[in-house]
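# Examining the three-dimensional arrangement
Residue strings, one per chain:
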Amino acid sequence: MSELIIRKAEEKDIPSVAAVEKQCFTVPWSFESLHHDILENRLSFYIVAEVGGTVCGYVGIWKIVDEGHITNVAVSPQYRRKHIASAMLDVLLAACEESGIRRFTLEVRKGNEAARRLYEKKGFRDAGVREGYYDDNGEDAVIMWRE
């Protein structure tokens with residue numbers, strides 16, 4: 001694998017982020033929503049992972065006072081199992097902690113064991129369930145927090 005670069009998302013990345021979003025989620029965020037979050041939402045912060053000049057993953061967060069709500073973590077299927085999501089989370093969490101964020105939360109599909117294990121390795125713990133959270137199949141979401 002070529003060198004992994006993790007950096008702040010820029011306007012030029014939005015089409016690639018939207019493509020990764022469509023590859024990874026059955027109900028993807030719209031291009032317009034991603035565009036707004038990356039360029040206009042003062043509370044959001046996005047980073048991308050790049051390999052060989054190709055955006056292969058991204059992670060987004062909304063920073064609200066001293067809390068961060070991780071909105072999406074996505075890695076294109078052909079780049080999975082290469083620790084890219086883990087590396088992106090490390091960069092995101094460190095950058096947010098430097099800016100005063102002390103607590104982090106996210107929702108994850110109850111059946112997504114790989115993602116749940118990754119989040120647990122990063123210090124997240126189960127804190128509750130949102131029943132029927134996902135529109136595509138009614139799956140529950142596990143709410144996780146890192147204090």
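## Section: the pairing of strand β7 (residues 141-146)
Most of β7 sits out of view: five of its six residues are buried. Sheet topology places strand β5 (residues 103-109) next to β7; six bridges connect them, and they run antiparallel. Counterpart to Leu106 in the pairing with β7 is Met144. Examined bridge by bridge, strand β6 (residues 125-130) and β7 share five bridges and lie antiparallel to one another. Following the sheet pairing, Arg130 is matched in β7 by Ala141.

## Looking at the layout of surface pockets
When its volume is computed, the largest pocket comes out at roughly 1400 Å³. Forming the boundary of the largest pocket are 38 residues, of which Phe25, Val73, Asn112, Ala115 and Tyr119 lie nearest the centre. With seven residues, the top contributor of residues to the lining of the largest pocket is strand β4 (residues 67-75). Classifying every residue of the lining of the largest pocket by side-chain character gives 20 nonpolar, seven polar and 11 charged.

## What to know about the nonpolar core
Formed by 28 residues in total, the largest nonpolar core has its most connected members in Val59, Ile70, Ile84, Leu92, Tyr119 and Phe124. When residues of this core are traced back to their parent elements, those giving at least two are β2 (44-51), β3 (54-64), β4, α3 (84-98), β5, α4 (113-121) and β7. Ranked by residue count, the leading element in this core is α3, at seven residues. Those residues in contact with Tyr119 that sit more than four places away from it in its chain are Val73, Leu89, Leu106, Val108, Phe124 and Met144. One finds Val17, Leu34, Ile38 and Ala74 within the second-largest nonpolar core, a separate group that totals 13 residues.

What counts as what
- Residues numbered from 1 in each chain as written.
- Predicted model: local features only at pLDDT ≥ 70, side-chain atom pairs only at ≥ 80, totals over all residues.
- Heavy atoms only, no water.
- Buried < 20%, exposed > 50% of the residue type's maximum accessible area, 1.4 Å probe, protein only.
- Helix = DSSP H or I, 4+ residues; strand = E, 2+ residues; numbered from the N terminus.
- Pairing = 2+ DSSP bridges.
- 1 Å grid on protein atoms, 1.4 Å probe; cavity = no way out; pocket = protein on both sides within 12 Å on 5 of 7 lines; lining within 4 Å.
- Points joined across faces, edges and corners; volume = space filled by probe spheres on them.
- Nonpolar A, V, L, I, M, F, W, Y, C, P; charged D, E, K, R; others polar.
- Core = buried A, V, L, I, M, F, W, Y, C linked by side-chain atoms within 4.5 Å.
- Contact = heavy atoms within 4.5 Å.

By themselves, these figures tell us nothing about what the structure is for.
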